[in-house]
Amino acid sequence: MGTNDFEARFGLGREAGDHIEDRPVGLVEIAGAIKWFDVAKGYGFIVPDNGGHDILLHVSVLRRDGYQAAFEGARVVVEAVERPKGLQVFRILSMDESTAIHPAQLPPARTHVQVTPSGGFERTTVKWFNRLRGFGFVSRGDGTPDIFVHMETLRRFGIMDLKPGQILLVRFGNGPKGLMAAELRLADGPTGPQSH
C-alpha cells in the first residue's frame, strides 16, 4: 500500500490544525514507548503503558509535529483516536529520546553485510542513490574511493531517500567489495567551503 493510499485509508490526507473544529471527537491521551518505526514504510507502532493494543503512528503525523524519526524505545505522550483497525496517533504531545535505542545498537539487518566503522563521521556528497535498486554511493571528494550506501542503512538511521549533491555525515569501514557506510546522518548545512 502506497503512502497516499495509506493516508486516505486512515484519514490522514489533510493537515490537522489546532482549531477545535479540526480535532476528532473522542481523543484520548496515552503514554507509551515506540515499538518500531520504519520511515521507508511510512509508519510504526507505539506500545501503550496501559497494556492495550499497539497504536499506529503514521509518518505524516510524525513530520507534521516536528519530528524526523521515532527511535525504538523512545517515550511518547500522544493524543490518539479510535479507527476501524484500532487506535491511531492524531498528535504527538511529547517525545523523550533519552530511553531510545540508537540505530547503531540495533541488531544487524538480515539483508546485508554488517561493517564496523574505522573512524569518525566524515562529510560526504551523494553521487547517486536508487531506491528501487536499494543502494547508491557517496564521495568524500575527487581522488577518494566511493562509499557504498545500502537502503537498510538509511532505514536504520531514519532516512527515506538520498538525492545527488546532498551532504551526509558518514562513518564507514571496509566491506567485502570496498568501503561501506556503517552510520550516517544528514548534515544540517554547509560546514565549510564547497567546491563545485
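Below you will find a few notes about this structure. (Residues numbered from 1 in each chain as written. Predicted model: local features only at pLDDT ≥ 70, side-chain atom pairs only at ≥ 80, totals over all residues. Heavy atoms only, no water.)

## Digging into the overall build of the chain
Along the chain, the regular secondary structure elements total three helices and ten strands. Looking at the chain as a whole, 40% of its 196 residues are labelled buried. Pairs at least 24 apart in sequence give 60% of the contacts found in the chain among residues at least 6 apart. Carbon and sulfur atoms make up 51% of the accessible area of the chain, which amounts to about 11,300 Å² in all. (Helix = DSSP H or I, 4+ residues; strand = E, 2+ residues; numbered from the N terminus. Buried < 20%, exposed > 50% of the residue type's maximum accessible area, 1.4 Å probe, protein only. Contact = heavy atoms within 4.5 Å. Areas by Shrake-Rupley, 256 points an atom, 1.4 Å probe, with all protein chains shown as cover.)

## Concerning the packing of aromatic side chains
Throughout the structure, instances matching the rule amount to eight aromatic pairs. Their ring planes at 85° and their centres at 6.1 Å tell us that Tyr43 and Phe45 sit as a pair that is edge-to-face. Taking relative accessible area as the criterion, Tyr43 reaches 22% and is therefore assigned partly exposed. Residue classification places Phe45 among the partly exposed positions, given a relative accessible area of 23%. Of the aromatic side chains, those joined through ring pairs into one cluster are Trp128, Phe135, Phe137 and Phe148. Over the ring of Phe90 we find Arg64; its NZ or CZ atom is 5.7 Å from the centre of that ring. Between Arg185 and the ring centre of Phe121, over which it is positioned, the NZ or CZ distance is 4.1 Å. (Phe/Tyr/Trp six-rings, centres within 6.5 Å; stacked < 30°, edge-to-face > 60°. Lys NZ or Arg CZ within 6 Å of the ring centre and 35° of its normal.)

## A look at the nonpolar core
Membership of the largest hydrophobic core comes to 19 residues, with the highest contact counts inside it found for Ile34, Phe37, Ile46, Leu57, Val89 and Ile92. Taken together, the elements giving at least two residues each to this core come down to strand S1 (28-38), strand S3 (55-58), helix H2 (59-64), strand S4 (75-83) and strand S5 (86-96). If we skip the residues at most four places from it in the chain, Ile92 touches Leu57, Val61, Leu62, Asp65, Tyr67, Val77 and Val78. Counting residues in each nonpolar core, the second largest holds 17 residues, with Val126, Phe129, Leu162 and Leu179 among its members. (Core = buried A, V, L, I, M, F, W, Y, C linked by side-chain atoms within 4.5 Å.)

## Some thoughts on the pattern of salt bridges
Taken as a whole and assessed by the stated rule, the structure comprises eight salt bridges. Glu122 serves as the salt-bridge partner of Arg140, at 3.7 Å between the closest nitrogen and oxygen. Of this pair, Arg140 sits in the loop between strand S7 (135-139) and strand S8 (147-150) while Glu122 sits in strand S6 (residues 122-130), placing them 18 residues apart in sequence. Of the charged contacts in the structure, one is a salt bridge between Arg171 and Glu183, with a shortest N-O distance of 3.0 Å. Separated by twelve residues along the polypeptide, Arg171 in strand S9 (residues 167-175) and Glu183 in strand S10 (residues 178-186) bring together distant segments of the chain. Given a relative accessible area of 22%, Arg171 falls into the partly exposed group. (Salt bridge = Lys/Arg side-chain N within 4 Å of Asp/Glu carboxyl O.)

## Quick word on the layout of surface pockets
The calculated volume of the second largest pocket comes to roughly 520 Å³. Taken together, 21 residues form the lining of the second largest pocket, with Gln68, Ala69, Phe71, Phe157 and Gly158 sitting closest to its centre. Of all the elements, S10 adds the most residues to the lining of the second largest pocket, at four residues. Taken together, the residues of the lining of the second largest pocket break down into 13 nonpolar, three polar and five charged. (1 Å grid on protein atoms, 1.4 Å probe; cavity = no way out; pocket = protein on both sides within 12 Å on 5 of 7 lines; lining within 4 Å. Points joined across faces, edges and corners; volume = space filled by probe spheres on them. Nonpolar A, V, L, I, M, F, W, Y, C, P; charged D, E, K, R; others polar.)

## A few points about the pairing of strand S2 (residues 43-48)
Burial along S2 is one-sided: the face carrying Gly44, Ile46 and Pro48 is buried and the face carrying Tyr43, Phe45 and Val47 is not. As paired elements, S1 and S2 share six bridges and run antiparallel to each other. Paired with Asp38 across the strands is Tyr43, a residue of S2. Taking the residues that link successive antiparallel strands as the turn, the S1-S2 hairpin has four residues, and the phi of Gly42 there is positive, at about 95°. Relative to S3, S2 runs antiparallel, the two being bridged by four bridges. Note that in S3 the partner of Tyr43 across the bridge is His58. What sits between S2 and S3 in their antiparallel hairpin is a turn of six residues, with Gly51 showing a positive phi close to 80°. (Pairing = 2+ DSSP bridges.)

No statement about biological role is implied by the geometric values presented.
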